[in-house]
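Topology and contacts: notes
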Amino acid sequence: MSSAVAEAHRVLRPRGQLLDLHPTDEPTALEVWHARYQAQADFLEQPENLEAIHRAPIGYLDHDETLGDFTAATDALTEALDTNPRGFSLQRATTFNYRYFFDSLDELTDYLEENWEHATASDALLEQALTVMAQATTPPKLVIVQRVVVTALRKT
Amino acid sequence: MPLLEPSALELKTIRTLANFSGQRVIEIGAGDGRLSWPFALEAALWIALDPDAEEVGAAASTLRDQTSPTVRLVVGDGRTLCFPDETFDLALFTWSLC
């Protein structure tokens, strides 16, 4: 069991719960979103309202080998499940898409440079995004879509 | 600025897997508290732990308007927790187990 998971196990009461969120090792997608109707200018407040949003997939960010680091979290949880009798049992796991919204290409690239060491947006990807943004009929947003897995474990 | 607030989908997904109400919670890798504040005030105790003092400072700035004696911000390492055995009902790792 990893040291962090082992420490969590120690400080949890019997039958206590461990909840983990971490990105999967799937490539991160870039999309352009815009509202279908001008009246839906607040579409970001209702991101699940697919009727109101036009979503255009552009492609994927380029990742270096550190994308695989995200599997370390999955490995740590798997190892915790294998550690019996004083480990964890799986309650449930599910996934969702985490989204980052940007108003411009500059904002997107600045954010990646400052915060994401493991991913870059290629010139071709950015050019494609710019083309799609220019075709949008309402103010567009650049959207990074990252798959996240949430796992609940129960202390045994 | 990019929109980095937790989405309704993210919060809803977490709530399908955990109930924080009345629980003693330790959040490991709390960062600036982005995921702490939507849930922390429901808990009986919420320890938001992060090894980065600057992040904990940012979390404190955010918390200023909703100070609670049940919410504590701690600079620390999740691999060596300074709490007794069996202190918490729930341990939450927020993008910190990588």
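Because the structure is a prediction, the values reported are computed rather than measured.

Attention shifts here to the overall build of chain A. Helices and strands together make up the secondary structure of chain A, namely 4 helices and 7 strands. Going from the N terminus to the C terminus, chain A shows its helices and strands as α-β-β-β-β-α-β-α-β-α-β. Scored against the burial criterion, the 156 residues of chain A give a buried share of 30%. Contacts in chain A between residues far apart in sequence, at least 24 positions, make up 82% of those at least 6 positions apart.

Here the focus is the overall build of chain B. Each helix and strand in chain B was counted, giving 2 helices and 4 strands. For chain B, the sequential pattern of α-helices and β-strands runs α-β-β-α-β-β. Taken across its 98 residues, chain B has 39% of its residues classed as buried. Considering only contacts within chain B whose residues lie at least 6 apart along the sequence, 58% involve residues at least 24 apart.

Our next topic: the interface of chain A and chain B. With 36 residues of chain A in contact, the opposing surface of chain B contributes 30 residues. Broken down by secondary-structure element, the contributors of at least two residues to the side of chain A that touches chain B are α1 (3-11), β1 (12-23), α2 (70-82), β5 (88-102), α3 (105-115) and β7 (141-155) of chain A. The element contributing the most residues to the side of chain A that touches chain B is β1 of chain A, with 10 residues. Taken together, the residues of the side of chain A that touches chain B break down into 22 nonpolar, 5 polar and 9 charged. One ladder, built from 6 bridges, connects β1 of chain A with strand β4 (residues 88-94) of chain B; its direction is parallel. Bridging from a neighbouring strand, leucine 12 of chain A pairs with phenylalanine 88 of chain B of β4 of chain B.

It is worth spelling out α2 of chain A at this point. All names here are of chain A. Compared with an ideal rise of 1.5 Å per residue, which puts 13 residues at 18 Å, α2 spans 19 Å between its outermost C-alpha atoms and is within 8% of the ideal. Along α2, the positions that sit buried rather than exposed are Phe70, Ala73, Ala76, Leu77 and Ala80. Each buried residue of α2 sits inside an arc of 120° when the element is viewed along its axis, so together they form one side. Exposed residues lying more than 90 degrees from the buried face of α2 are Asp75 and Asp82. Elements in contact with the buried residues of α2: α1, β1, β5 and β7.

Right, let's talk about the confidence of the model for chain B for a bit. Any segment with low pLDDT has predicted coordinates that should not be analysed in fine detail. Residues and elements named next belong to chain B. Looking at chain B as a whole, its pLDDT mean stands at 87, while 90% of the residues score no less than 70. Mean pLDDT values over the elements of chain B span from 86, in helix α2 (residues 53-63), up to 97, in strand β1 (residues 24-28). Predicted complex, confidence summary: ipTM 0.91, pTM 0.85.

Here the focus is the environment of leucine 142 of chain A. All names here are of chain A. Mapped onto the elements, leucine 142 comes out in strand β7. Overall, leucine 142 belongs to the buried group, with 26 C-beta atoms counted inside 10 Å. Separated by 39 residues in the primary sequence, leucine 142 and aspartate 103 have C-alpha atoms spaced 6.2 Å apart.

The next subject is the nonpolar core. If you look at soluble globular proteins, the nonpolar side chains tend to sit buried side by side. Core analysis: the biggest nonpolar cluster contains 40 residues, and Ala8 of chain A together with Val25, Ile26, Ile28, Leu90 and Ala91 of chain B have the highest contact counts within it. Not counting chain neighbours up to four residues away, the residues in contact with leucine 90 of chain B comprise Gly16, Gln17 and Leu19 of chain A together with Ala18, Phe20, Gln23 and Val25 of chain B. Formed by 16 residues, the second largest nonpolar core is a distinct cluster that contains Leu30, Leu61, Phe102 and Ile144 of chain A.

Our focus in this paragraph is unusual backbone geometry. For residues that are not glycine, phi is negative in most cases, and the peptide bond is trans in most cases. Residue and element names in this part refer to chain A. For arginine 15, which is not glycine, the phi torsion reads 70° and is therefore positive. Within the fold, arginine 15 resides in strand β1. With 10 C-beta atoms packed within 10 Å, arginine 15 lands in the exposed category.

Next up on the list: the environment of threonine 83 of chain A. Tracing the backbone through its elements, the reader meets threonine 83 of chain A in the loop between α2 and β5. Threonine 83 of chain A sits 73 residues away from threonine 156 of chain A along the chain, and the two C-alpha atoms are 9.7 Å apart.

The subject of this paragraph is the pairing of β4 of chain B. Residue and element names in this part refer to chain B. Of all 7 residues in β4, 7 are buried, a share of seventy percent or more. Pairing of β1 with β4, which is carried by 4 bridges, proceeds in the parallel orientation. Its bridge partner being in β4, isoleucine 28 is matched across the sheet by phenylalanine 93.

Here the focus is the environment of threonine 109 of chain A. Summarising the element assignment, threonine 109 of chain A is placed in helix α3. Along the primary structure threonine 109 of chain A and serine 122 of chain A are separated by 13 residues, whereas in three dimensions their C-alpha atoms are 9.9 Å apart.

Rules used in this analysis
Residues numbered from 1 in each chain as written. Chains lettered and ligands numbered in written order. Predicted model: local features only at pLDDT ≥ 70, side-chain atom pairs only at ≥ 80, totals over all residues. Helix = DSSP H or I, 4+ residues; strand = E, 2+ residues; numbered from the N terminus. Buried ≥ 20, exposed ≤ 12 C-beta atoms within 10 Å, placed from the backbone. Contact = placed C-beta atoms within 7 Å. Nonpolar A, V, L, I, M, F, W, Y, C, P; charged D, E, K, R; others polar. Pairing = 2+ DSSP bridges. Expected span 1.5 Å × (residues − 1). Arc of directions from axis to C-beta. pLDDT = per-residue confidence, 0-100. Core = buried A, V, L, I, M, F, W, Y, C linked by C-beta atoms within 7 Å.

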